[in-house]
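Examining the three-dimensional arrangement
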Amino acid sequence: MLPTLQKQQHPLATGAAQLARLHAVRLERSFPRALDGAGLWPLQPTGIDILQVNVGKKCNQTCRHCHVDAGPDRTEMMPDDVLEACLAVLRDHPIPTLDITGGAPELHPAFRRLVTTARGLGRRVIDRCNLTITRLPNYRYLPAFLAEHQVEIVASLPYYQARQTDTQRGDGVFEESIAALQELNALGYGQPGTGLVLNLVTNPVGAFLPPAQAAAEREWRERLGRQHGVVFTHLFTITNMPVSRFLEHLDERQQTEAYLARLAQAFNPAAAAGVMCRTTLSVGWDGRLYDCDFNQQLDLPVESRVPRTIFEFEAAALAGRRVAVAPHCFGCTAGGGSSCGGALDG
Ligand code: SF4
Ligand code: SF4
């Protein structure tokens, strides 16, 4: 398994170094200027519909393109007081969705409490699941637990074939992921009429934009159904963000400039209007607030005029914030757009 950038003490291990690298790329126009041309500058949220909580950077995998630089050697884990503050915010404010991410979020010892409390408050809960975690001996309870609490699963699977998936995620990951999907299907996930949502997420295996989402979904449905009997609700196609390990991957191949230029050239005003930071507030493992999980990994916090930790949460001030942007944001606005919920134009 690959070591994380942090473990390697890689120069791009810090958010500041990544931001400096991104800002060093000369582009035809900056992201703020592109937004301005679309009548969207300064970029502001339309509300807070999703509280996305990153409970820690520990993961059982070290995928090549991980924007979190997650892996087994990471130790960051959300402390109890931060977790309680997240739940208090949900209790006190009508935010409809809790989106739990990591690392592998299920590795957090309080994962079950977070899920059951939020569901008890009547909130929609999303688990960003890497699938293989459900195959580990201590986590075999997960499929039935998630089904019992009607947790929506967003599961990452780079491709419907083993070679491409294993290249990105590690040997044997594809086979384990298919076994996990089959088990989830047997519990009703992805099956019509059960209400158990199983969405798959795919990202390109290299430095190119994802295919059109609707066509890719048809292809995946056919291939996974025919070859493995797997069904799912929707397929989300997401763009690889030039952050953390994918930025390192680009740099190593001297592709950073070309990739960012490609993203910038593909700027789509309609996608820009729908970027996820307009509806999401992201919480880091230590309670700091960010406009999105990508900004979180770049140590780019919410602007200084608004509350900057979950302990100081103030809905009106945060909903009125100006989003902090940088060149990586072109990854959200290229082509069909990209977000944690896939392409923005379907
Ligand atoms: S991409 Fe997901 S599964 Fe892979 S290392 Fe990162 S957090 Fe873990
Ligand atoms: S990277 Fe984050 S801040 Fe930038 S456009 Fe995307 S969601 Fe918004």
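Residues numbered from 1 in each chain as written. Chains lettered and ligands numbered in written order. Predicted model: local features only at pLDDT ≥ 70, side-chain atom pairs only at ≥ 80, totals over all residues. Heavy atoms only, no water.

Our next topic: the overall build of the protein. Looking only at helices and strands, one finds 15 helices and eight strands in the protein. Compactness check: the protein gives a C-alpha radius of gyration of 19 Å against a globular reference of 20 Å for 346 residues, within 12% of the reference. For the C-alpha atoms alone, the extent of the protein along its principal axes is close to 50 × 45 × 40 Å. Within the span of the protein, comprising 346 residues, buried residues form 57% of the whole. A fraction of 74% describes how many contacts in the protein between residues 6 or more apart in sequence connect residues 24 or more apart. (Helix = DSSP H or I, 4+ residues; strand = E, 2+ residues; numbered from the N terminus. Rg over C-alpha atoms; globule rule 2.2 N^0.38 Å. Buried < 20%, exposed > 50% of the residue type's maximum accessible area, 1.4 Å probe, protein only. Contact = heavy atoms within 4.5 Å.)

The next point concerns the pairing of strand S2 (residues 97–101). For S2, a buried count of five out of five residues is recorded, marking the element as mostly surrounded by other parts of the structure. Of the two faces of S2, the one holding Thr97, Asp99 and Thr101 and the one holding Leu98 and Ile100 are both buried throughout. The sheet contact formed by strand S1 (residues 50–54) and S2 spans five bridges and is parallel. In the strand pairing of S2, Ile50 is matched with Thr97. Read from S1 through helix H4 (residues 80–92) to S2, the crossover connection turns out right-handed. When S2 meets strand S3 (residues 124–129), the two strands line up parallel, connected through four bridges. The residue bridging Asp99 from the neighbouring strand is Ile126, located in S3. Regarding the hand of the β-α-β motif, the stretch spanning S2, helix H5 (residues 111–120) and S3 is right-handed. (Pairing = 2+ DSSP bridges. Right-handed = clockwise from strand over helix to strand, strands pointing away.)

Compared with an ideal rise of 1.5 Å per residue, which puts 13 residues at 18 Å, H4 spans 18 Å between its outermost C-alpha atoms and is within 8% of the ideal. Of all the residues in H4, the buried ones are Val82, Leu83, Ala85, Cys86, Leu87, Val89 and Leu90. On its buried face, H4 is in contact with S1, S2, H5 and strand S7 (280–283). (Expected span 1.5 Å × (residues − 1).)

For helix H8 (residues 173–186), built from 14 residues, the straight-helix expectation of 20 Å at 1.5 Å per residue is met to within 8% by its first-to-last C-alpha distance of 20 Å. Among all positions of H8, only Val173, Phe174, Ser177, Ile178, Ala179, Ala180, Leu181, Leu184 and Asn185 are buried. For H8, the secondary structure elements touched by its buried residues are helix H6 (142–148), strand S4 (152–156), helix H7 (162–169), strand S5 (198–202) and helix H9 (213–228).

Leu51, Tyr189, Trp220, Leu224 and Ile310 are the most contacted members of the largest nonpolar core, which has 63 residues in total. Residue contributions to this core peak at seven residues, all from H4. (Core = buried A, V, L, I, M, F, W, Y, C linked by side-chain atoms within 4.5 Å.)

The full set of residues close to ligand 1 is Cys59, Gln61, Thr62, Cys63, Cys66, Ala70, Gly103, Asn130, Arg169 and Arg245. When the residues that make up the shell around ligand 1 are grouped by side-chain class, the tally is four nonpolar, four polar and two charged. (Near = heavy atom within 4 Å. Nonpolar A, V, L, I, M, F, W, Y, C, P; charged D, E, K, R; others polar.)

For S4, a buried count of four out of five residues is recorded, marking the element as mostly surrounded by other parts of the structure. Inspection of the sheet shows S3 paired to S4 by four bridges, in the parallel sense. Within S4, the position partnered with Cys129 by the bridge is Ala155. Once you follow S3 into H6 and on to S4, the crossover reads as right-handed. The pairing of S4 with S5 spans four bridges and is classified as parallel. Directly across from Ile153, in S5, lies its bridge partner Leu198.

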